[in-house]
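Residue strings, one per chain:
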Amino acid sequence: MDPVERLATLDALQQEAAGCTRCRLAEGRTQVVFGVGDPNADLMFVGEAPGFHEDKQGYPFVGQAGKLLDKLLAGIGLERADVYIANVIKCRPPGNRDPVPDEIEACEPYLFRQIELIEPRVIATLGNFATKLLSGRQLGITRVHGQPQSVTLGGRQVLLYPLYHPAAALYTPRMLTVLEEDFARLPGLLDLESHEPAEPEPEPELAAATPAEQLGLF
Ligand code: SF4
């Protein structure tokens, strides 16, 4: 698909999503938060769901977590216009509660179609929900952060790179340090991907989920 056709198709998908009532989250939203950035981006970020500010402004990551994401991007010489940013869920869950499985199931076709159209080489998943959905595995983010893995999405091999969610890192200095370290590896991964296809990472050791993971926090 050429860039013009790609942009037109993405716009049409955004228009379709704007009136979506596939799940209960349509009732409480101000607007659908579809995604923002370069439709031809090599690097895509996928977070969880819009919060209060995102719901009001219509863009993902515009609150404090968004400011941190901007800072992390600047640290590797990028800005928002260079990447594409979206969420698993396009409408704000009431009170910022976690999305529930039937809401994810209803909304995920939009994300999968976005990935298919944008064709990123690297997808950085922010937090548990995006990581589990796009990896197809139930391993929590504390176990898999910073470990690139090759997955098939939208009919293509993509390098999935799980990161802590900036909102969680805002209040936990140790997590912020890890997020900064993981983030610093992104340019190398993008460079690697431009030269050779991704090799699958070995399966992380399966172990029982921690209580925090069971709660969906990490
Ligand atoms: S969350 Fe997704 S599926 Fe649910 S109403 Fe919003 S756009 Fe539609």
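Here, the structure is the one placed above.
Residues numbered from 1 in each chain as written. Predicted model: local features only at pLDDT ≥ 70, side-chain atom pairs only at ≥ 80, totals over all residues. Heavy atoms only, no water.

Across the interface, helix 4 (residues 101-118) lies against helix 5 (residues 128-135) with an axial gap of 12 Å and an inter-helix angle of 70 degrees. Classified by the angle their axes make, helix 4 and helix 5 are roughly perpendicular. When helix 4 is examined against helix 5, the residues Ile104, Glu108, Leu111, Phe112 and Ile115 are found in contact with a partner set consisting of Phe129, Leu133 and Leu134. (Axes fitted to C-alpha atoms, helices over the stretch in contact; angles between N-to-C directions. Helix = DSSP H or I, 4+ residues; strand = E, 2+ residues; numbered from the N terminus. Parallel < 35°, antiparallel > 145°, perpendicular 65-115°, else oblique. Contact = heavy atoms within 4.5 Å.)

Okay, the packing of helix 1 (residues 3-18) against helix 4 next. Relative orientation of the contacting elements helix 1 and helix 4 amounts to 170 degrees, with a least axis distance of 10 Å. Considering their axes alone, helix 1 and helix 4 lie roughly antiparallel with respect to each other. Packed against helix 1, whose contacting residues are Arg6, Thr9, Leu10, Leu13, Glu16 and Ala17, the element helix 4 presents Tyr110, Arg113, Gln114, Leu117 and Ile118 at the interface. Looking at side-chain class alone, the contact of helix 1 with helix 4 contains six nonpolar, two polar and three charged residues. (Nonpolar A, V, L, I, M, F, W, Y, C, P; charged D, E, K, R; others polar.)

Moving on: the layout of surface pockets. The volume enclosed by the largest pocket comes to roughly 690 Å³. For the largest pocket, the lining is made up of 30 residues, of which Glu48, Ala49, His165, Ala167 and Ala168 are closest to its centre. With three residues, the single largest contributor to the lining of the largest pocket is helix 2 (residues 52-57). Classifying every residue of the lining of the largest pocket by side-chain character gives 16 nonpolar, ten polar and four charged. (1 Å grid on protein atoms, 1.4 Å probe; cavity = no way out; pocket = protein on both sides within 12 Å on 5 of 7 lines; lining within 4 Å. Points joined across faces, edges and corners; volume = space filled by probe spheres on them.)

Two descriptors summarise a pair of aromatic rings, namely the distance from one centre to the other and the angle between the planes of the rings. Within this structure, the stated rule accounts for one aromatic pair. Between the aromatic rings of phenylalanine 45 and phenylalanine 183, the centroid separation amounts to 5.7 Å while the plane-to-plane angle is 10 degrees, which identifies the pairing as stacked. Highlighted residues: phenylalanine 45 in strand 2 (residues 43-47) and phenylalanine 183 in helix 8 (residues 173-183), separated in sequence by 138 residues. Looking at phenylalanine 183, the relative accessible area reads 2%, which means it is buried. (Phe/Tyr/Trp six-rings, centres within 6.5 Å; stacked < 30°, edge-to-face > 60°. Buried < 20%, exposed > 50% of the residue type's maximum accessible area, 1.4 Å probe, protein only.)

Glancing now at empty space enclosed by the protein. Tallying each qualifying case throughout the model produces one cavity of 30 Å³ or more. The volume enclosed by the largest cavity comes to roughly 100 Å³. Among the elements that make up the lining of the largest cavity, the one with the highest residue count is helix 4 (three residues). When grouped by side-chain class, the residues that make up the lining of the largest cavity number eleven nonpolar, one polar and three charged.

For glutamine 138, the location among the structural elements is in the loop between helix 5 and helix 6 (141-144). On the accessibility criterion, glutamine 138 (63% relative accessible area) is exposed. Distance in space between the C-alpha atoms of glutamine 138 and asparagine 128 is 8.9 Å, their sequence separation being ten residues.

Right, let's get into the nonpolar core. Met44, Leu111, Ile123 and Leu134 are the most contacted members of the largest nonpolar core, which totals 31 residues. Every element with two or more residues in this core is listed here: helix 1, strand 2, strand 3 (84-87), helix 4, helix 5, strand 5 (149-153) and strand 6 (156-163). It is helix 4 that contributes the most residues to this core, seven residues altogether. If we skip the residues at most four places from it in the chain, isoleucine 123 touches Met44, Val46, Ile115, Leu134, Leu153, Val158, Leu159, Leu160 and Tyr161. The next biggest cluster of nonpolar side chains, apart from the first, holds 29 residues, and it includes Phe61, Ile85, Val122 and Leu190. (Core = buried A, V, L, I, M, F, W, Y, C linked by side-chain atoms within 4.5 Å.)

We now examine the site of the ligand. Near the ligand, the surroundings consist of Cys20, Arg22, Cys23, Ala26, Arg29, Lys90, Cys91, Ala106, Cys107 and Tyr110. Assessed atom by atom at 2 Å from the grid points, the ligand resides in the largest cavity. Residues belonging to the shell around the ligand are distributed by class as follows: seven nonpolar, no polar and three charged. (Near = heavy atom within 4 Å. Sits in = over half its atoms within 2 Å of the grid points.)

Once that is clear, we can look at the pairing of strand 2. With respect to burial, strand 2 is a largely interior element, five of its five residues being buried. Every second residue of strand 2 is oriented toward a common face, with Leu43, Phe45 and Gly47 on one face and Met44 and Val46 on the other, all of them buried. Relative to strand 3, strand 2 runs parallel, the two sharing four bridges. Note that in strand 3 the partner of methionine 44 across the bridge is tyrosine 84. (Pairing = 2+ DSSP bridges.)

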